[in-house]
Amino acid sequence: MKQPVKILFVLFLFLLTPINTKASEISVTNPWIREAPPNTQMLAAYMEIINNSKHTIQLESAASADFEMVMIHRTETHEGMSHMAKQSGLQIKSGENVILEPGGYHLMLMNPKRNLQAGDKIKLQLQFDNREAIAVTAVVRKK
Ligand SMILES: [Cu+2]
């Protein structure tokens with residue numbers, strides 16, 4: 001099948017799927033946020049996401065009521081200089097996992113609506129392309 005046809009076909013299958021009543025096919029372990037000095041405008045959230053489904057899934061976006069915006073980022077190093085690149089999504093193959101960790105993938109939490117301290121618990125919503133939305137509670141800690 002040509003790629004556009006294939007994409008349409010996959011979309012069609014999603015539309016046919018009633019509502020995902022199965023137990024979650026995605027699990028998230030150890031979500032945490034690195035504590036930052038007061039008034040820091042960008043914090044990072046880390047976790048491990050496991051895809052227990054038979055399909056490749058993609059984390060499409062994330063949100064939190066405690067931040068104005070959440071983006072998917074990856075820290076990349078080129079010729080000794082590291083910078084953060086915005087990701088349009090984060091793919092996880094069937095049976096595999098992806099680890100968001102310092103120096104790699106992370107959720108960039110922009111413009112906190114309040115100061116966060118170690119021990120605070122922050123709710124994050126993760127939206128996947130199989131229409132599953134997962135709520136996780138990330139703990140703020142130093143490392
Ligand atoms: Cu970032």
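Keep in mind the model is a prediction, meaning the values are calculated, not measured.

Q: Describe the coordination of the copper ion, listing the residues and the values that go with them.
A: For the copper ion, every protein donor is listed as His73 (ND1), Met84 (SD), His106 (NE2) and Met108 (SD), and the spread of their distances is 2.0 to 2.3 Å. Classification of the site at the copper ion rests on its four donor atoms, whose angles at the metal span 93 to 120 degrees, yielding the label tetrahedral. Counting along the primary sequence, the residues that act as donors to the copper ion give the motif H-x10-M-x21-H-x1-M. In this pair, His73 sits in strand 4 (residues 67-78) while His106 sits in strand 8 (residues 105-112), placing the two residues 33 residues apart along the sequence. Pair check on accessibility: His73 and His106 agree, each one buried.

Q: Now, about the pairing of strand 9 (residues 121-128): what can you tell me, with residues and values included?
A: It is a general feature of regular strands that their side chains alternate between the two faces of the sheet. Only one face of strand 9 is covered, namely the one carrying Ile122, Leu124, Leu126 and Phe128; the face carrying Lys121, Lys123, Gln125 and Gln127 has none of its residues buried. Bridge count between strand 3 (residues 57-63) and strand 9: four bridges; the pairing is antiparallel. Its bridge partner being in strand 9, Ser61 is matched across the sheet by Gln127. Pairing between strand 9 and strand 10 (residues 133-141): seven bridges, direction antiparallel. By the bridge assignment for strand 10, Gln127 is matched with Ala133. A loop of four residues connects strand 9 with strand 10, the two strands running antiparallel in sequence, and Arg131 in this loop sits at a positive phi of about 75 degrees.

Q: Any chance you could break down unusual backbone geometry for me, citing the residues and the numbers?
A: Although it is not a glycine, Asn30 sits at a positive phi angle of roughly 50 degrees. The topology assignment puts Asn30 in strand 1 (residues 26-34). For Asn30, a relative accessible area of 47% translates into the label partly exposed. In this model, Asn111 sits at a positive phi of 55 degrees, which is unusual for a non-glycine residue. Mapping Asn111 onto the fold places it in strand 8. A residue is classified by how much of its surface remains accessible, and Asn111, at 27% relative accessible area, is partly exposed.

Reading the values: rules and limits
Residues numbered from 1 in each chain as written. Predicted model: local features only at pLDDT ≥ 70, side-chain atom pairs only at ≥ 80, totals over all residues. Heavy atoms only, no water. Donors = N, O, S within 2.8 Å, 3.2 Å for Na, K, Ca; no water. Tetrahedral: all angles 85-135°; square planar, octahedral: opposite > 155°, others 65-115°. Helix = DSSP H or I, 4+ residues; strand = E, 2+ residues; numbered from the N terminus. Buried < 20%, exposed > 50% of the residue type's maximum accessible area, 1.4 Å probe, protein only. Pairing = 2+ DSSP bridges.

Purely geometric numbers; function is a separate question.
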